[in-house]
Amino acid sequence: APAQVLIDEAASVQAALTAMADADLLHLACHADFRADSPPHSALHLNDGVLTAAEIEEQKIGCGLVVLSACNTGRTEMVIGDEGIGLVRAFLVAGAREVVASLWAVDDAATAQLMAGFYQHRAHGDPNAGRALQRARGDLRQSHPHPYHWASFVLYGAGEM
């Protein structure tokens, strides 16, 4: 299927939910909030509202890879009797095989450079998300040596099967 880009008004909650159902890869570049006081209410901010972790968990998505290019998308809160709850878990529960997410607030320009490198490595060398991310971080480290710029994004999930 051809790539679909949802920008500005087109980047609605319903459009994101629809895209999740049948996209092979889902990349969400938006604002996000991690709610330590209520992790299921951690959310991605889209044009017309928020999409919460609780709502994402209710979906059945077919994405092999979800990339959450936003601040704090990989943060979790441990709940007694359960693993860490947050946006990453929500996408994995919904059916994603792998999720790339950030552990802290990220710099927009460095993140754009990291993501461009990530996709370049996937397209022209190694389709494995973990290795592509590692190589993109190494590339970014050359121009931005402080870990703040290159170390935030990590890969969660099943990895290569």
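Up top is the structure.
Residues numbered from 1 in each chain as written. Predicted model: local features only at pLDDT ≥ 70, side-chain atom pairs only at ≥ 80, totals over all residues. Heavy atoms only, no water.

Draft legend 1. Layout of the sheet that holds strand 5 (residues 65-68). Pairing in this open sheet of 4 strands is mixed, and the strands run 1-5-8-9 from one edge to the other. Each of the sheet's edge strands pairs with one partner strand only, and the pair in question is strand 1 (25-28) and strand 9 (153-157). Across the sheet, the mean angle from the axis of one strand to that of its neighbour is 15 degrees, orientation sign disregarded. Relative to strand 9, strand 8 (residues 98-102) is paired through 5 bridges, and the arrangement is antiparallel. Within the sheet, the bridge partner assigned to Ala101 lies in strand 9 and is Val154. Packing of helix 3 (residues 87-94) onto the sheet brings it into contact with strand 1, strand 5, strand 8 and strand 9, and relative to strand 8 it is tilted by some 170 degrees. Packed on one face of the sheet, helix 4 (residues 108-123) meets strand 1, strand 5, strand 8 and strand 9 and runs near 160 degrees to strand 5. (Pairing = 2+ DSSP bridges. Helix = DSSP H or I, 4+ residues; strand = E, 2+ residues; numbered from the N terminus. Axes fitted to C-alpha atoms, helices over the stretch in contact; angles between N-to-C directions. Contact = heavy atoms within 4.5 Å.)

Draft legend 2. Structural view of the packing of aromatic side chains. For the structure shown, the criterion picks out 1 aromatic pair. Between Phe118 and Tyr119, the ring centres sit 5.0 Å apart and the planes meet at 65 degrees, which makes this aromatic pair edge-to-face. Looking at Tyr119, the relative accessible area reads 26%, which means it is partly exposed. (Phe/Tyr/Trp six-rings, centres within 6.5 Å; stacked < 30°, edge-to-face > 60°. Buried < 20%, exposed > 50% of the residue type's maximum accessible area, 1.4 Å probe, protein only.)

Draft legend 3. Looking closely at helix 5 (residues 129-143). Relative to the 21 Å expected for 15 residues at 1.5 Å per residue, helix 5 spans 22 Å between its end C-alpha atoms, a close match to the ideal helical length. By the burial criterion, the buried members of helix 5 are Ala129, Ala132, Leu133, Ala136 and Leu140. Here the buried residues of helix 5 occupy an arc of 95 degrees about the axis, which is enough to place them on one side. In helix 5, the exposed residues that point more than 90 degrees away from the buried face are Gln134 and Gln142. (Expected span 1.5 Å × (residues − 1). Arc of directions from axis to C-beta.)

Draft legend 4. Just the side chain of Ser102, in detail. Its place among the elements puts Ser102 in strand 8. With residues near it in sequence (within four places) discarded, Ser102 still touches Leu68, Ala70, Cys71, Asn72, Thr73, Gly74, Arg75, Ser152 and Phe153.

Draft legend 5. Geometry of the sheet that holds strand 4 (residues 49-52). One open sheet accounts for 3 strands, arranged 2-3-4; its pairing is antiparallel. Edge strands, defined here as strands with exactly one partner in the open sheet, are strand 2 (31-33) and strand 4. Here the average twist between neighbouring strands, direction ignored, is 30 degrees. Together, strand 3 (43-46) and strand 4 form the strand contacts of helix 1 (residues 13-22), whose direction differs from that of strand 4 by roughly 35 degrees.

Draft legend 6. Broad picture of the pattern of salt bridges. Scanning the model with the defined rule gives 4 salt bridges in all. Linking Arg131 and Asp126 is a salt bridge whose minimum nitrogen-to-oxygen distance equals 2.4 Å. The class of Arg131 is partly exposed, set by a relative accessible area of 33%. Residue classification places Asp126 among the buried positions, given a relative accessible area of 7%. Taking the shortest distance from any N to any O, the salt bridge between Asp126 and Arg135 comes out at 3.0 Å. (Salt bridge = Lys/Arg side-chain N within 4 Å of Asp/Glu carboxyl O.)

Draft legend 7. Structural view of the pairing of strand 4. Bridge count for strand 3 against strand 4 is 4 bridges, and the pairing is antiparallel. Along strand 4, the bridge assignment pairs His45 with Val50. Between strand 3 and the antiparallel strand that follows it, strand 4, lie 2 residues.

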